[in-house]
Amino acid sequence: MTGFPSGSRAQARAWHFGMILAGIGVLAPIVSLLGLAAQGSVEHWAHLLDYVLPDAVGQTLLLLAGVGVLSAGLGVGGAWLVTAYDFPFRRTLSWAMLLPLAVPTYIVAYAYLDILHPIGPVQSALRAVLGYDSPRDFRLPDLRNMPGAIVLLGFVLYPYVYLTTRSMFATQAASLLEAARLLGHGPWSTFFRVAVPMARPAVAVGLSLVLLETLNDIGASEFLGIQTLTVSVYSTWVSRSDLAGAAQIALVMLLLAMLLIAAERHGRRRLRYTGSRRTHPVQARRLRGAAAWAATGLAAWPVLVGFGAPAAYLLVQTGEWLLISGAPSPRLLRAGANTVSVSLAATAVTVGLGLVVAWSARIMQRPPRWLRALPRLATLGYALPGTVLAIGLLFPVMGLERGAALAREALGMAPGELILMGTPIALAAAYTIRFLAISVGSIEAGLTRIPSSIEQAARLLGENVNGTLRRIHLPLLRPALATAALLVFVDSMKELPATLLLRPMNFDTLATWLYGEAARGSYEEGAIAALGIVLAGLIPVILLARMHNRKTA
Amino acid sequence: MLELDHIHLSYPAAGGRLQAVSDLSLSLEGGQIACLLGASGCGKTTVLRAIAGFEPLDEGEIRLAGRVLSTVGGQVEPEHRRVGMMFQDYALFPHLTVAQNVAFGLRRLSAKARAQTVREMLALTDLDGLGNRYPHQLSGGQQQRVALARALAPEPQLLLLDEPFSNLDIDAREKLAFELRDILKAAGRTALLVTHNQAEAFAIADRIGVMQERTLAQWDSPYGLHHHPATPEIAAFIRREALLAQRAQACLRGRPGAPAAA
């Protein structure tokens, strides 16, 4: 440009270039999905519109609505209970209510199908008590229907709403609630006329996560026999090998996900008007006698249903299996090793890219508008349901494979295996795209705690952009990077829908292993795999609980 | 030494750019301490940031020791300017000790020379024995001196100080202003600081620039400013501040009959 030499400007350009690449990587599956869906003929669309979509969309919307209402009720109710009232075990329950987060939807469905099986422990015990001999004489209503799915999903997903709402109540509520009480409103009236409207933006944020998670779910809906869009995408591609058809359904899902995001943006638009004021915590009202224990029970039962019962069941099953056979089978161990290694690889790439995006956004000076939107764009992946992402990735991945095959041919090499689909690379790429938002979010949160004067000081002391990152920001970001890595790792371990579609032949993760066992109806070692996933899932929950305790202490 | 030549600065705002500084010129001789004085929002910090290389110029030129630092076409990156800065929040690196903070800008020196310079800087700023502490273990005044030592250590041609006393107790400010002047003079540094507090400006500066309406209204010695204010506004500004200071002091001493005590 001019005669001013500078390493920093070139370095900044390299970082921005990396961010643009990350953005392209995230957008590629969406663009290719559009392309794929357009390949399907008009008759195709007509067929879809007549036979597949009405039912699948109807089922999906019903499921979303039911899970939304239930999880909002449990989440807001629970948050209010632990904020406004004091009762035995309140402190314990206030973090324990997060525990169901550790149980993926497909595991809770898997566990309850077995617990409540007609010849399972609960129904057998009930029959013994009531004096019936056989399942033919007495059985509980079947779980495999829409109400069953709504209840199970609602009880493991409510913590998202609980978490956002509770922190809203904890930081914002006190003075407003006191004002309401002074103006003559009782506790119930205060709850409905002040607390609920005030919590709306927080509920919107939590609820959008619940609904995206519901839309993403494949295992639970399939085990419970609900034909959602996700299940339709999967069966259209896997059973009927109809990629264009799968892409068309996936496109409908994508629209639904975008609608959810838009609704969330709309619902939380008032959030920015609150939050900066410092207020004192709510003075909890001490309950006594029966009321106090009723409150304890009320707060405890979502924890028991969403976490306690399935976790206990998995523990018992695992114990029984290990007593009989002594050790898990080599195939299960290999699935475990696969899970850990592919998740680790995805974690390393995701955290690295997250750093590129977050740091690039930090050092942008007077960027053009399109570049400023890029960090947000690179985090779009979290809204993509796993099946949608997988279908979108198939096309670019196959294009790359074809290119690689051509290159090999041109070089006179023998045709080899598929590079991306024959190995877990495509899988790791899907995890990266889907969880990049988590990584960018954690790192950005860490960066905002470092004032910009810190890096300006480093620059004036003679450091360039990269040196500043290395000597100042990386050491200071260590906790944020660790959090990002942990969250991405656990989410990758749990991921099922994209894994089912993108894994190489004969490659199992713990999640797909469990899925296979449940699909075959053989419940042997599935419990061990499920327990492994739940235990890993507990780590971030404990982290969250500790963060919360520090904040309120 | 430092020359600002008709500089214009602006920052992005809703619906276009907002003028922050317009047509400001000044020149500062080597070894002098100057001060930009003005109410908050008058653009004085923006001027400082432009000299440090964090704000591009819309018009004009910035030169230091005959070298062009910023023009409209481009600018020298902050790390190549030989300009030091003490930030309002001190911007000490929280993960480094006091000695490591002071040594941060001395990478080009040998380990031995670096240790020597750090020792000298800590002695100059009266921080002997605190080299192994971390910033959060220090008082506000000590943190301020670490920031000063760190900025002085690489021997910058110009030192910038952004509201150096705003984070300190009011009682400590005047004393520290004299201390700061002694340290800067002892080190023979050229410095430009920014403040909204007249007492600080008059305590420390050889030259004071009064900023009003996004530009320099007067650039003069403290004596000249006090006795020959260039405009009625400056006269009123200086008299009002002096009056307020008198009243505040009277009030603090609890002198009977002081107007504010009534």
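Model, not experiment: these values are computed from the prediction. (Residues numbered from 1 in each chain as written. Chains lettered and ligands numbered in written order. Predicted model: local features only at pLDDT ≥ 70, side-chain atom pairs only at ≥ 80, totals over all residues. Heavy atoms only, no water.)

**Q** Describe the overall build of chain B, with residues and values.
**A** Secondary structure assignment for chain B yields eight helices and 10 strands. Relative to a compact globule of 262 residues, whose C-alpha radius of gyration would be 18 Å, chain B shows 19 Å and is just as compact. Considering only C-alpha atoms, chain B reaches an extent of 60 × 50 × 35 Å along its principal axes. For chain B, buried positions account for 49% of its 262 residues. When the accessible surface of chain B is split by element, carbon and sulfur atoms take 50% of a total near 12100 Å². (Helix = DSSP H or I, 4+ residues; strand = E, 2+ residues; numbered from the N terminus. Rg over C-alpha atoms; globule rule 2.2 N^0.38 Å. Buried < 20%, exposed > 50% of the residue type's maximum accessible area, 1.4 Å probe, protein only. Areas by Shrake-Rupley, 256 points an atom, 1.4 Å probe, with all protein chains shown as cover.)

**Q** Give a description of the sheet that holds strand E1 (residues 2–13) of chain B that names residues and reports values.
**A** Residue and element names in this part refer to chain B. Here we have four strands laid out as an open sheet, ordered E2-E1-E4-E5, and antiparallel in their pairing. Two strands bound the open sheet, and with one partner strand each, they are strand E2 (16–28) and strand E5 (67–70). Ignoring strand direction, the axes of neighbouring strands in this sheet form an average angle of 35°. Judged from the three bridges that link them, strand E4 (residues 59–64) and E5 form a sheet pairing that is antiparallel. The partner of isoleucine 62 across the bridge, within E5, is serine 70. (Pairing = 2+ DSSP bridges. Axes fitted to C-alpha atoms, helices over the stretch in contact; angles between N-to-C directions.)

**Q** Break down the interface of chain A and chain B for me, citing the residues and quoting the values.
**A** In this complex, chain A contributes 26 residues to the contact, which on the side of chain B involves 33 residues. Buried area between chain A and chain B, summed over both chains or domains, comes out near 2600 Å², and the portion from carbon and sulfur atoms is 59%. Linking chain A to chain B there are four salt bridges. Two residues, Arg9(A) and Glu77(B), come together in a salt bridge whose shortest N-O distance is 2.9 Å. Across the chain A-chain B interface, the total number found is 10 residue pairs in polar contact (both at pLDDT 80 or more). Elements supplying a minimum of two residues to the side of chain A that touches chain B: helix H1 (7–39), helix H17 (452–460) and helix H18 (465–494) of chain A. At seven residues, the largest contribution of residues to the side of chain A that touches chain B is made by H17(A). Partitioned by chemical class, the residues of the side of chain A that touches chain B number 12 nonpolar, eight polar and six charged. (Contact = heavy atoms within 4.5 Å. Buried area = accessible area lost by both parts, 1.4 Å probe. Salt bridge = Lys/Arg side-chain N within 4 Å of Asp/Glu carboxyl O. Polar contact = N/O pair within 3.5 Å; in protein donor to acceptor, adjacent residues only side chain to side chain. Nonpolar A, V, L, I, M, F, W, Y, C, P; charged D, E, K, R; others polar.)

**Q** Tell me what's going on with the nonpolar core, and back it up with residues and numbers.
**A** Of all hydrophobic cores here, the largest spans 149 residues; its most connected members are Phe87(A), Ile107(A), Leu314(A) and Ile391(A). At 14 residues, the largest contribution of residues to this core is made by helix H6 (residues 146–182) of chain A. Those residues in contact with Ile391(A) that sit more than four places away from it in its chain are Leu33(A), Leu36(A), Val233(A), Trp237(A), Leu243(A), Ala246(A), Ala247(A) and Leu501(A). One finds Ala457(A), Phe54(B), Leu64(B) and Val83(B) within the second-largest nonpolar core, a separate group that totals 59 residues. (Core = buried A, V, L, I, M, F, W, Y, C linked by side-chain atoms within 4.5 Å.)

**Q** Hey, could you go over the packing of aromatic side chains for me, with residue numbers and the actual values?
**A** If you walk through the whole model with that rule in mind, you get nine aromatic pairs over all chains. Judged by centre distance (6.4 Å) and plane angle (40°), the ring pair of Tyr431(A) and Phe435(A) falls under tilted. Highlighted residues: Tyr431(A) and Phe435(A), both in helix H16 (residues 425–448), separated by four residues, approximately one helical turn. For Tyr431(A), a relative accessible area of 1% gives the class buried. Taken together through their ring pairs, the aromatic side chains of Trp80(A), Phe169(A), Phe191(A) and Phe192(A) make up a single cluster. Above the plane of the ring of Phe93(B) lies Arg150(B), whose end atom (NZ or CZ) is 4.5 Å from the centre. (Phe/Tyr/Trp six-rings, centres within 6.5 Å; stacked < 30°, edge-to-face > 60°. Lys NZ or Arg CZ within 6 Å of the ring centre and 35° of its normal.)

**Q** Now, about the sheet that holds strand E7 (residues 158–162) of chain B: what can you tell me, with residues and values included?
**A** All names here are of chain B. Pairing within the open sheet is mixed, and its six strands lie in the order E6-E7-E8-E3-E9-E10. Looking at strand neighbours, the two that pair on one side only are strand E6 (83–86) and strand E10 (215–220), the edges of this open sheet. Averaged over all neighbouring strand pairs, the angle between strand axes comes to 20°, with direction disregarded. The sheet contact formed by E6 and E7 spans four bridges and is parallel. Among the inter-strand pairings, methionine 86 is bridged to a residue of E7, identified as leucine 161. Contacting strand E3 (33–37), E6, E7, strand E8 (191–195) and strand E9 (207–212), helix H1 (residues 44–52) runs over the sheet at an angle of about 145° to E7. Across the face of the sheet, helix H5 (residues 170–187) comes into contact with E3, E7 and E8 while running at roughly 140° to E3.

**Q** Help me get a handle on the packing of helix H7 (residues 187–216) of chain A against helix H10 (residues 243–267) of chain A, residues and values and all.
**A** Residues and elements named next belong to chain A. Viewed as axis vectors pointing N to C, H7 and H10 meet at an angle of 170°, and their least axial separation amounts to 8 Å. If you check the angle between H7 and H10, you find them roughly antiparallel. Contact residues: Arg200, Pro201, Ala204, Val205, Ser208, Leu211, Leu212 and Leu215 in H7; Met253, Leu256, Ala257, Leu260, Ile261, Glu264 and Gly267 in H10. In the contact of H7 with H10, the residues fall into 11 nonpolar, two polar and two charged. (Parallel < 35°, antiparallel > 145°, perpendicular 65-115°, else oblique.)

**Q** Could you give an account of the pattern of salt bridges, with specific residues and numbers?
**A** All chains considered together, the criterion is met by 20 salt bridges over all chains. Between Arg459(A) and Glu77(B) there is a salt bridge; the shortest N-O distance is 2.4 Å. Of this pair, Arg459(A) sits in helix H17 while Glu77(B) sits in the loop between E5 and E6, on two different chains. Of the two residues, Arg459(A) and Glu77(B), both sit in the buried class. A salt bridge links Arg459(A) to Glu79(B); the nearest nitrogen and oxygen atoms lie 2.7 Å apart. On the criterion of chain membership, the pair formed by Arg459(A) in helix H17 and Glu79(B) in the loop between E5 and E6 is interchain, its members lying in two chains. Here Arg459(A) matches Glu79(B) in class, with each residue buried.

**Q** Tell me about the state of the cysteines, and name the residues and values.
**A** Tallied over the full model, the rule gives zero disulfides over all chains. The thiol of Cys35(B) is unpaired, and the distance to the nearest cysteine sulfur, on Cys42(B), comes to 11 Å. (Disulfide = S-S within 2.5 Å.)

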